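# Structural features, examined
Chain by chain, the residues run as shown.
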Amino acid sequence: ENYTDSKTAFFISGGNTPKKLYEEIALEKTLKVGAALMVDERFGEKMHKKSNELMLKDSGLLAYFEEQNIRFYPILQKDEGLESTALQYDETLRFLFKYFPKSVGILGLGGDGHTAGIPAIPEISKRILEDQSLLVTNYADESGKYGARITMTYLALSQLDLILILVLGQDKREMLSQVFRGDSIEEMPGRFFKTPEMSKKTILITDQIVS
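An account of the accompanying structure is given in this report. (Residues numbered from 1 in each chain as written. Predicted model: local features only at pLDDT ≥ 70, side-chain atom pairs only at ≥ 80, totals over all residues. Heavy atoms only, no water.)

## Topic: the environment of Phe-97
Put simply, the rule is: In DSSP terms, a helix is any run of H or I states spanning at least four residues, a strand is any run of E spanning at least two, and both are numbered starting from the N terminus. For the exposure calls, accessible area comes from a 1.4 Å probe over protein chains only, and a residue counts as buried if that area is under 20% of its type's maximum, exposed if over 50%, partly exposed in between. Contact between two residues is taken to exist if any of their heavy atoms lie within 4.5 Å; hydrogens are not considered.
As for its position among the elements, Phe-97 is in helix H4 (residues 82-99). Phe-97 sits in the buried class, given a relative accessible area of 16%. Residues Phe-97 and Thr-8, 89 residues apart in the sequence, show an inter-C-alpha distance of 9.6 Å. Filtering out sequence-adjacent residues up to four positions away, Phe-97 remains in contact with Phe-11, Ser-103, Leu-135, Ala-156, Gln-159 and Leu-160.

Spelled out as structure tokens, the structure:
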């Protein structure tokens, strides 16, 4: 928290692991940031029951931002389609990356090695990895596992100055060892943070022994 101040853009992802941290931040009331943004979102109506935005609200974090006059930028807008919502958020990110001199992101790793909203589906992950123009992308996973999502791209994640990755729970142990063992980012997006450029600014916070 010493790293962040009113000149910092704070990027927050969904998932069960970060929720406990958000609850603590809301209770402690010591975090200072200039603006808060979302890393990824499940597409649907605003505040739909599986949305990351609803989870952030339930954690007390959105109320804390409001209390501190910290501007929060949600991904979901009313009556906008998947692609249009992603393009609007891409513009928001471009503006805020220029406006704020510092940026910090909190991310997790899913049980299959996905990170942010980038899925462990090789053809989608590969497309996002090769995209050197968009900061925000969207996809609809027809298998239904991920559904329709909007997420920051690898390009956008590479622009963050500091990334904290939370990996907690015994059920993440095997996935974590696979992240460290292999190299294919397309298969396991979490391996992106092992690349030379990213590893310098990524801190892994885990309760697992990585061998």
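Structure's up, so let's keep going.
## Section: the packing of aromatic side chains
Stated formally: Between rings of Phe, Tyr and Trp, where Trp is taken as its six-membered ring, a pair exists when centres lie within 6.5 Å; planes separated by under 30 degrees are stacked, by over 60 edge-to-face, and by other angles tilted.
With the rule as written, the count across this model stands at seven aromatic pairs. Residues Phe-11 and Phe-97 carry aromatic rings whose centres are separated by 5.4 Å and whose planes lie at 20 degrees to one another, so their mutual orientation is stacked. Of this pair, Phe-11 sits in strand E1 (residues 8-12) while Phe-97 sits in helix H4, and the two are 86 residues apart along the sequence. Plain terms: the ring middles of Tyr-99 and Phe-100 are 5.0 Å apart, the flat faces sit at 75 degrees to each other, and that makes the pair edge-to-face. Here the aromatic residues Tyr-64, Phe-65 and Phe-72 are joined through ring pairs into a cluster of three or more.

## Things to note about the nonpolar core
As a reminder of what qualifies: Residues grouped as a nonpolar core are buried Ala, Val, Leu, Ile, Met, Phe, Trp, Tyr and Cys residues, joined through side-chain atoms within 4.5 Å.
Counting 62 residues, the largest nonpolar core has Phe-11, Leu-56, Phe-65, Leu-93 and Leu-157 as the members making the most contacts within it. Per-element tally for this core: the top contributor is H4, with six residues. Not counting residues within four places of it along the chain, the set of residues in contact with Phe-11 comprises Leu-37, Val-39, Leu-93, Phe-97, Ser-103, Val-104, Gly-105, Ile-106, Met-152 and Leu-160.

## Let's talk about the sheet that holds strand E9 (residues 202-206)
Condition: Paired strands are those between which DSSP finds at least two bridges. Here the axes come from fitting lines to C-alpha atoms, over the contacting stretch only for helices, and the angles between their N-to-C directions go from 0 to 180 degrees.
The strand order E4-E2-E1-E5-E8-E9 describes an open sheet built from six strands, whose pairing is parallel. The open sheet has two edge strands with one neighbour each: strand E4 (71-73) and E9. On average, each strand axis in the sheet is inclined to that of its neighbour by 20 degrees, with strand direction left out of account. In the sheet, E1 pairs with strand E5 (residues 102-108) via five bridges, with the strands oriented parallel. Residue pairing across strands places Phe-10 opposite Val-104, the latter belonging to E5. In this fold H4 packs onto E1, strand E2 (35-38), E4 and E5, with an angle of close to 145 degrees to the strand it touches most, E2.

In short, shape yes, function no, at least from these values alone.
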